[in-house]
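The primary structure of each chain is shown beneath.
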Amino acid sequence: MDKIVIEGGRPLKGAVKVSGAKNAALPTIAACILCSGAHRLTNIPQLKDISTIKKIMSKFGILFHDEGDVLVVNSDNLTCYEAPYDLVKTMRASILLLGPLLARYGKAKISLPGGCAIGARPVNLHLKALAAMGVDMFLDHGYINAGTSGMQGANISFDIPTVTGTENIMMAAVTAKGTTVLKNSAKEPEVMDLADMLRGMGADIEGDGTDTIIIRGVKELEAARHTVIPDRIETGTFMIAAAMSKGEVKIEGCRSAHLQALIEKLDAAGARVSFSDDSIFVKGPDVIESVDIKTRPFPGFPTDLQAQFMAFMCIADGWSMIRETVFENRFIHVSELQRMGANIEINGNQALVKGVPHLLSAPVMATDLRASASLILAGLVAESGRTEVHRIYHLDRGYENMEEKFRNLGANLWREKA
Ligand code: EPZ
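This structure is a prediction, so every number in the text was calculated from the model and none was measured.

J.: I'd like to hear about the UniProt feature "domain: Enolpyruvate transferase" (unreviewed entry) in the protein chain, residue by residue, with values.
T.: The residues that UniProt annotates with the feature "domain: Enolpyruvate transferase" (unreviewed entry) are residues 7–405. Structurally, residues 7–405 comprises 32% helix and 24% strand, and the distance from its first C-alpha atom to its last is 15 Å.

Spelled out as structure tokens, the structure:
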């Protein structure tokens, strides 16, 4: 297993271009199942999760090849509809294959994704919505066995705005008979990006980006031509890194409209933030003001930036309250930050962070994707010595060329065999 070694204490300076969004690429690749033909996707990041979903879909008989920076997905021959446990357990987002397989094939056998470090991650809302659309399902030996003689549009209201749940039902509904009205739908930019791709394929969808999405079933679709949006979580990670290290960084090729909640909090912390549509400039403050955050579904403060922002508040001047309202166990990074000298008290879904003058380098262990990013950020500002972040395979799931991007901003970090 690899580790990343960091010699901290250098302010980040320069410009960095972010990659395509992992959480937009996954549903758009899955959506290529919906119809035959050669789909052409651009700005797909080279990540472990992307290779996992390609591996699973290749087992279905789907062909992938690269033409320059275009990923071509050919789903003419769908010969299998089973997503095996050994692959699904490494990437829960495999549940996104359920809706498209049912729409195209009428059958699907997907390993029930287990929980993960940050929570139980149930998929009950996905299954309840599909049942309302005429899908018969039963659980058997850890697999969801689903079948339908043809899905019907339905009126669905999610108890909780679920991102992949919204995406799954959108994909299931595009060729269903009749109209599907999805209430309390997720409003994330990744949901809107998928809707854009589906409309480009001929789907009839409106209301994406609001809490009510209407999908009118169409008879047929055509192969997609789609460019995936930039990764707002990678963008936010670099913004926080710039502020923490008291550096000056321009993030290019991003969408500032996707990061307004973070921009507001960085402003409050004393950072100087300016932005255009596709770039954001962050200059870190000399004194970091402590700021409270509460994670919320989009457009609220993203849960996927909570760990990174907590690392930032660890060296703020004062106390900050961090409330995690989306996942039930998303404070695993706290014990690792405490090993670096952070002063954090957890009480249920709240973490009270008392800023310390500086963090100290230490060997630490990544436990999930965004926790690994927060430990890298902490290592970048830690004083005296080297921080080693172990189990860095978590980072490779969601960040493309992270070390290289940070090195180009003046950081001193490298990868080693652990
Ligand atoms: C997506 O996960 C993202 N993953 C997550 O990013 C992100 O943290 C999350 O949305 C929230 O923004 C992808 O898009 C691939 P949810 P998802 O369904 O869809 C509960 C990362 O780091 N819930 O919106 O799985 C659930 O337990 C990852 O890139 C149910 O109870 O999240 C959670 O408390 C981590 N039943 C809440 O809803 C369900 O059927 C929101 O989860 C579905 C969800």
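J.: I'd like to hear about the domain arrangement of the protein chain, residue by residue, with values.
T.: Domain parsing of the protein chain yields domain 1 (2–19 + 230–417) and domain 2 (22–227). Together, the buried faces of domain 1 and domain 2 total about 1700 Å²; carbon and sulfur atoms form 54% of this surface. Broken down residue by residue, the surface that domain 1 buries against domain 2 is led by Phe298, Arg397 and Glu400, which jointly contribute 34%. Applying the counting rule to domain 1 against domain 2 returns two salt bridges. Of the charged contacts, one joins Asp49 and Arg397 as a salt bridge, the two residues approaching to 2.8 Å between their closest N and O atoms. Contributions of two or more residues to the side of domain 1 that touches domain 2 are made by α12 (369–381) and α13 (393–398). Among the elements that line the side of domain 1 that touches domain 2, the one with the most residues is α13, at three residues. Class assignment of the residues belonging to the side of domain 1 that touches domain 2 gives a composition of seven nonpolar, five polar and ten charged.

J.: Account for the site of the ligand, naming residues and giving values.
T.: Neighbouring the ligand are 22 residues, the closest being Asn124, Thr162, Thr164, Asp304 and Val326. A distance of 2.7 Å separates an oxygen atom of the ligand from a polar side-chain atom of Thr162. Burial of the ligand by the surrounding chains reaches 88%, relative to a free accessible area of 830 Å². Ranked by residues supplied to the shell around the ligand, first place goes to helix α5 (residues 124–132) with three residues. Its residues assigned to classes, the shell around the ligand shows ten nonpolar, six polar and six charged. The residues that make up the shell around the ligand include at least three from each of domain 1 (2–19 + 230–417) and domain 2 (22–227).

J.: Lay out the sheet that holds strand β15 (residues 248–252) with the relevant residues and their values.
T.: Strand order in the open sheet made by the four strands is β2-β15-β17-β16, with mixed pairing throughout. Because the sheet does not close on itself, it has two edges, and the strands there are β2 (13–17) and β16 (272–275). Across the sheet, the axes of successive neighbouring strands diverge by a mean angle of 15°, strand direction being ignored. Sheet topology note: the β2/β15 ladder contains five bridges and is parallel. Across the sheet, residue Ala15 finds its bridge partner in β15, namely Lys250. In this fold helix α8 (residues 232–244) packs onto β2, β15 and β17 (279–283), with an angle of close to 20° to the strand it touches most, β17. In the packing of helix α9 (residues 260–268) onto the sheet, contacts are made with β16 and β17, and the angle to β16 comes to roughly 150°.

Cut-offs and rules
- Residues numbered from 1 in each chain as written.
- Predicted model: local features only at pLDDT ≥ 70, side-chain atom pairs only at ≥ 80, totals over all residues.
- Heavy atoms only, no water.
- UniProt positions renumbered as here; feature names shortened; annotations may be inferred.
- Helix = DSSP H or I, 4+ residues; strand = E, 2+ residues; numbered from the N terminus.
- Domains from an automatic or database assignment.
- Buried area = accessible area lost by both parts, 1.4 Å probe.
- Salt bridge = Lys/Arg side-chain N within 4 Å of Asp/Glu carboxyl O.
- Nonpolar A, V, L, I, M, F, W, Y, C, P; charged D, E, K, R; others polar.
- Near = heavy atom within 4 Å.
- Polar contact = N/O pair within 3.5 Å; in protein donor to acceptor, adjacent residues only side chain to side chain.
- Areas by Shrake-Rupley, 256 points an atom, 1.4 Å probe, with all protein chains shown as cover.
- Pairing = 2+ DSSP bridges.
- Axes fitted to C-alpha atoms, helices over the stretch in contact; angles between N-to-C directions.
- Contact = heavy atoms within 4.5 Å.

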